[in-house]
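Here is how the chains run, residue by residue.
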Amino acid sequence: MPTSSPTPDRSDAPVHELVVVANRLPVDSRTLPDGATEWVTSPGGLVTAMESVMRTVDSGAWVGWGGSPGEAPDPFEADGMALYPVELSQQDVERYYEGFSNGTLWPLYHDVIVDPEFHRGWWDSYLSANRRFAEAAAPVAAAGGTIWVHDYQLQLVPRMIREKRSDVRIGFFNHIPFPSVELFSQLPKRNSILRGLLGADLIGFQRESDSLNFVNAVRKLLGYHVDGSTISVPGIGAAPVREVEARTFPISIDSTAVSALTEDPEIRERAAQLRRDLGDPDRIVLGADRLDYTKGIRHRLKAWGELLDDGSIDPHDAVMIQIATPSRERVEAYRQLRDEVELTVGRINGEHAPLGRPAVSYQHHSFDRREMTALFMAADVVLVTALRDGMNLVAKEYVASRPDLQGVLVLSEFAGAADELRAAVLVNPHDIDELKSAILRSLAMPAEEQEEAMRSLRHQVMEHDVQAWAHHFLERLEATQSPEQVSAPSIRITGDRPSDPASLEAALRTFSAVPRLLIATDFDGVLAPIVADRDAVQPDPDALEALRELSELPGVAVALVSGRALSDLDFHTRMPSSVVLVGSHGAEVGALPPWMQAEVLDKSALAMSPEKEELLAGITSTLRRIARAHPGTEVETKPTAAVLHTRNATGRGGINATESALEYAMTLPDVTVTPGKEVVEFAVVHTSKGAAVDALARASASDAWLYLGDDVTDESVFAQLGERDLGLKVGAGDSAASLRLEDTEAVRGVLQRLLTLRDEQS
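K.L.:
Explain the packing of aromatic side chains to me, using residue names and the numbers behind them.
P.N.:
Summed over the entire model, instances satisfying the criterion amount to 22 aromatic pairs. Here tyrosine 96 and phenylalanine 133 contribute two aromatic rings whose centre-to-centre distance is 6.3 Å and whose plane-to-plane angle is 45°, an arrangement assigned as tilted. Note that tyrosine 96 is positioned in helix H2 (residues 90-109) and phenylalanine 133 in helix H3 (residues 120-137), a separation of 37 residues in sequence. Here tyrosine 96 matches phenylalanine 133 in class, with each residue buried. On the basis of an interplanar angle of 90° and a centroid distance of 6.3 Å, the ring pair of phenylalanine 173 and phenylalanine 473 is categorised as edge-to-face. Here phenylalanine 173 is found in strand S8 (residues 169-173), whereas its partner phenylalanine 473 is found in helix H16 (residues 466-478), with 300 residues between them in sequence. Taken as a pair, phenylalanine 173 and phenylalanine 473 share a single burial class, namely buried. Chaining the aromatic ring pairs together yields one cluster made of Tyr96, Phe100, Trp123, Tyr126 and Phe133. Here the guanidinium or amino end of arginine 24 rests over the ring plane of tryptophan 65, the centre of that ring lying 5.6 Å away. The ring of tryptophan 106 is capped by arginine 328, whose NZ or CZ atom sits 4.3 Å from the centre of that ring.

K.L.:
Outline the environment of valine 410, supporting the account with residue identities and numerical values.
P.N.:
Structurally, valine 410 can be placed in strand S17 (residues 408-412). The class for valine 410 is buried, based on a relative accessible area of 0%. Distance in space between the C-alpha atoms of valine 410 and valine 384 is 6.0 Å, their sequence separation being 26 residues.

K.L.:
A description of the sheet that holds strand S21 (residues 579-583) should follow, citing residues and the corresponding values.
P.N.:
Across the sheet, which stays open at both edges, the seven strands sit in the order S22-S21-S20-S19-S27-S28-S29 with mixed pairing between neighbours. Each edge of the sheet is formed by a strand with only one pairing partner; in this case those strands are strand S22 (588-589) and strand S29 (739-741). Here strand S20 (residues 556-561) pairs with S21 via four bridges, running parallel. Each bridged residue has a counterpart across the sheet, and for leucine 560 the counterpart in S21 is leucine 581. Strand contacts of helix H19 (residues 566-573): S20, S21 and S22, with the helix running at about 135° to S21, the strand carrying the most contacts. Here helix H24 (residues 744-761) sits on the sheet in contact with strand S19 (517-521), S20, strand S27 (704-709), strand S28 (726-730) and S29, set at roughly 160° to S27.

K.L.:
Account for the confidence of the model for the chain, naming residues and giving values.
P.N.:
For the chain, per-residue confidence averages 88 on the pLDDT scale, and 92% of positions sit at 70 or higher. Low pLDDT, under 50, characterises residues 1-11; the stretch is placed with 33 contacts to residues that sit more than four places away or in other chains. Taken together, the stretch residues 484-489 has pLDDT below 50 and engages in 16 contacts with residues farther than four places along the chain or on a different chain.

K.L.:
Run through a negative patch on the surface, naming residues and quoting values.
P.N.:
Taken together, Glu549, Glu552, Asp759 and Glu760 make up a surface patch of like negative charges. When you line up the elements, glutamate 760 lands in helix H24.

K.L.:
Describe unusual backbone geometry, listing the residues and the values that go with them.
P.N.:
In this model, lysine 189 sits at a positive phi of 65°, which is unusual for a non-glycine residue. Inspection of the secondary structure puts lysine 189 in the loop between helix H5 (181-184) and helix H6 (190-197). Residue classification places lysine 189 among the partly exposed residues on the basis of a relative accessible area of 46%.

K.L.:
Quick rundown of the pattern of salt bridges? Include the residues and the values.
P.N.:
The full count for this structure, using the stated rule, is 50 salt bridges. Notably, a salt bridge pairs glutamate 306 with lysine 302, separated by 3.3 Å at the nearest N-O pair. Linking glutamate 306 with lysine 302, this pair stays in helix H10 (residues 297-309), spanning four residues, or about one helical turn. Judged by its relative accessible area of 23%, glutamate 306 falls in the partly exposed class. Notably, a salt bridge pairs glutamate 449 with arginine 441, separated by 3.6 Å at the nearest N-O pair. Since its relative accessible area comes to 47%, arginine 441 is described here as partly exposed. Each of the salt bridges in this network shares a partner with another, and the network as a whole consists of Lys302, Glu306, Asp310 and Lys436.

K.L.:
Explain helix H7 (residues 208-222) to me, and be specific about the residues and the numbers.
P.N.:
A turn of α-helix holds 3.6 residues, and therefore any two residues three or four places apart point the same way. Under the 1.5 Å per step criterion, the end-to-end length of H7 is 21 Å for 15 residues, consistent within 8% with the ideal 21 Å. Burial runs high along H7: 12 of the 15 residues are buried.

K.L.:
Outline the nonpolar core, supporting the account with residue identities and numerical values.
P.N.:
Nonpolar side chains in soluble globular proteins generally cluster together in the buried interior. Membership of the largest hydrophobic core comes to 95 residues, with the highest contact counts inside it found for Phe133, Ile193, Leu198 and Phe214. With eight residues, H3 is the single largest residue contributor to this core. The contacts of phenylalanine 214, once residues within four sequence positions are left out, are Phe178, Leu194, Leu197, Leu198, Ile203, Phe205, Ile231 and Ala246. Membership of the second largest hydrophobic core comes to 66 residues, among which are Val57, Ala288, Ala424 and Leu477.

K.L.:
An account of the environment of proline 539 is needed here, citing residue identities and associated values.
P.N.:
When you line up the elements, proline 539 lands in the loop between S19 and helix H18 (541-551). For the pair proline 539 and alanine 528, spaced 11 residues apart in the sequence, the C-alpha separation amounts to 4.0 Å. Beyond its immediate chain neighbours, meaning those up to four positions away, proline 539 contacts Phe523, Leu527, Ala528, Leu544 and His572.

K.L.:
Quick rundown of the packing of H10 against helix H11 (residues 332-352)? Include the residues and the values.
P.N.:
H11 packs onto H10 with a crossing angle of 15° between their chain directions and a minimal axis gap of 10 Å. When the axes of H10 and H11 are compared, the pair comes out roughly parallel. For the element pair H10 and H11, the recorded crossing hand is left-handed. Listed contacts from H11 to Ile297, Arg298, Leu301, Gly305, Leu308 and Asp309 of H10 are Leu337, Glu340, Val341, Thr344, Val345, Arg347, Ile348, Glu351 and His352. Class assignment of the residues belonging to the contact of H10 with H11 gives a composition of seven nonpolar, three polar and five charged.

K.L.:
If you had to explain the packing of H6 against H7 to someone new, which residues and values would you point to?
P.N.:
One can describe the packing of H6 onto H7 by two numbers: an axis separation of 11 Å at closest approach and a directional angle of 120°. On the basis of the axis angle, H6 is oblique to H7. The interaxial crossing formed by H6 with H7 has left-handed handedness. Across the interface between the two elements, Arg190, Asn191, Leu194, Arg195 and Leu197 of H6 pack against Phe214, Ala217, Val218, Leu221 and Leu222 of H7. When the residues that make up the contact of H6 with H7 are grouped by side-chain class, the tally is seven nonpolar, one polar and two charged.

K.L.:
Got a sec to walk through the sheet that holds strand S13 (residues 283-290)? Specific residues and values, please.
P.N.:
Taken together, the six strands give an open sheet; going across it, the order is S15-S14-S13-S16-S17-S18, and neighbouring strands pair in parallel fashion. Whereas interior strands pair on both sides, the edge strands pair on one side only; in this sheet they are strand S15 (360-363) and strand S18 (425-427). Along the sheet, successive strands turn relative to each other by an average axial angle of 20°, direction set aside. Alignment of strand S16 (residues 381-384) against S17, held across four bridges, turns out to be parallel. Bridging across to S17, leucine 383 finds its partner in valine 410. Taken strand by strand, helix H14 (residues 432-443) contacts S13, S16, S17 and S18, and its axis lies near 170° from that of S18.

K.L.:
Any chance you could break down the pairing of strand S23 (residues 634-637) for me, citing the residues and the numbers?
P.N.:
Bridging between S23 and strand S24 (residues 641-645) involves four bridges; their strand directions are antiparallel. Directly across from glutamate 634, in S24, lies its bridge partner histidine 645. Between S23 and S24, which pair antiparallel one after the other, the connecting turn spans three residues.

Rules and cut-offs
- Residues numbered from 1 in each chain as written.
- Predicted model: local features only at pLDDT ≥ 70, side-chain atom pairs only at ≥ 80, totals over all residues.
- Heavy atoms only, no water.
- Phe/Tyr/Trp six-rings, centres within 6.5 Å; stacked < 30°, edge-to-face > 60°.
- Helix = DSSP H or I, 4+ residues; strand = E, 2+ residues; numbered from the N terminus.
- Buried < 20%, exposed > 50% of the residue type's maximum accessible area, 1.4 Å probe, protein only.
- Lys NZ or Arg CZ within 6 Å of the ring centre and 35° of its normal.
- Pairing = 2+ DSSP bridges.
- Contact = heavy atoms within 4.5 Å.
- Axes fitted to C-alpha atoms, helices over the stretch in contact; angles between N-to-C directions.
- pLDDT = per-residue confidence, 0-100.
- Patch = residues over 30% accessible without salt bridge, like charges linked within 9 Å, V, L, I, M, F, W, Y side chains within 5 Å.
- Areas by Shrake-Rupley, 256 points an atom, 1.4 Å probe, with all protein chains shown as cover.
- Salt bridge = Lys/Arg side-chain N within 4 Å of Asp/Glu carboxyl O.
- Lys, Arg positive; Asp, Glu negative; His and termini not counted.
- Charge placed at Lys NZ, Arg CZ, Asp CG, Glu CD.
- Expected span 1.5 Å × (residues − 1).
- Core = buried A, V, L, I, M, F, W, Y, C linked by side-chain atoms within 4.5 Å.
- Parallel < 35°, antiparallel > 145°, perpendicular 65-115°, else oblique.
- Left-handed = near helix turned anticlockwise from the far one by under 90°.
- Nonpolar A, V, L, I, M, F, W, Y, C, P; charged D, E, K, R; others polar.

Have a look at this one:
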């Protein structure tokens, strides 16, 4: 792939319909004898997938690192694709790539097989490198185009692009596993990673469990509303609230091309020659991996060595080939792994290898595609014993290389491929005895059984190739909500600092001057400090008195909108009939003052049917079972909902109970699940505080409304603020509210100030 003429300058109008952003460009540089640079296509599934996709668009581009530290070359074009190199210095390579990406994220996302390292300097480099990729990608996408970001090295890029280009669709695909929320919670800057990913419209994962882990992390750590696989994300800057989908798209290989190589006479002869070179053994067992601690190479060598030790395998009859492609050799954990593997191979060969033939043929170098195909054709058994793997394409390549329907695939259940390749011999590689049994079973498997299993495996691999994967992802991305379809407002405040007193005073003066007002407020955390025992709550009496007095003023409607049950809210507030009480996040509405238009508040949608009663009973039973397993957690029942309270849970019981509840929630598509501050509510009646305040504003014919809230459940109100409305967030956290108050004392001050201002105007 030689370099052709340069692409248009980045400052020109963007022209590319599809822009791929990945850590590496799809080409490698090669220095020719005359000193010139030539770019050649890199091997790899992503490059193959994108080549077919790029042929379907008018103009495609790829943004990535060229592979060498130092100044990046100018943008250029190759094979009809515009390439935009990103500059990485040697320090970037050490801190962004080898450091945070592969020293922190990689081990953490792979179940902490090796302990991750956390260094603040690594994060700083990761942040700046991601910004460089985003700055290279954002200007080159056409208006309304698509940007597809890939993998764990670039998790901040989607949000960075979103801040610059609200008009484009953004996809992200995570090629490696996504960890459970318990592991992910260890990550410094974890919320920044989540927010970075949620800049995308569609986030793809290899396995359903990865999607579930991500959704649970968003619920637990950010508190965003989740409905199935759809996440409601407050906007960035001036952008609206968006719906982001997290879905499963298992990647594959160019199976047709791999299978076609098996028809090449030279490759067929090479496969036969490999057997002759190894002494024509009865059986060849192959392991082919990057030299990485996630691949389970030590486990399979241990199993093979023990089978030789106990005489279950005769080294004259069976030979193992272990390919360990060099990887990240500057990283200490990888250097140590190489030493351990090579020491183990040396011991096995020293104790068991016959003269002239190895018991384990160890190959620490790379093989091209043709040689790998010959190896797959020669192998009677392939061992894929990954301890954790996003997919593992070696398994699929082996299957595609066996049109003869012979050979046995031993596949770790911890590899993503195990979800699809169910006809393989599935194994837990941590159980060495189970692994040994699987190897012996595979070596002895009759040809008829091999054919039956391989036929099933090939159907899966040949029908679901990498081109289908890419097109499926992009079709789903195209179907996501476009920028024109969203209408809710954005995050307005971040952090935890209270708003400037002068800004608050000006906002209150402007609001209080509106003729007809609705003043609505949450209860817990706003009128009353949050306490461990919710029954012992003590609301601020002066704040309640200010609300009572406001409700008596002309042109002012007052409402309390709480997640508490209506009867509970009434008991703790003792408000007069002039104040409307709304409980259970809007599912329960108390008596209305005579001047309020009751017909606007349609309660028919809130009615409980026998089916909903039965559903609620089942939910309550399940939540009580979860509570029994985690001491200190409690279940509260409401007329239309059940609530799991975790505030008093011991140790990590609250986190574990919440995770169990949220995992259960994924099975209830027709139930509104609302995580809050140490609570998770399951409502069988679909409503929200936002819907309740909107109905109250219409029923009271208000010209503007003010709402005070502290919880994620209050964001549905803040998200629909109009030009004259005022939203006040109490406490820390990102919010779509207008301004922030520090605590319940500040709430009291605001209510008393509103009373004074309204009195003055009256």
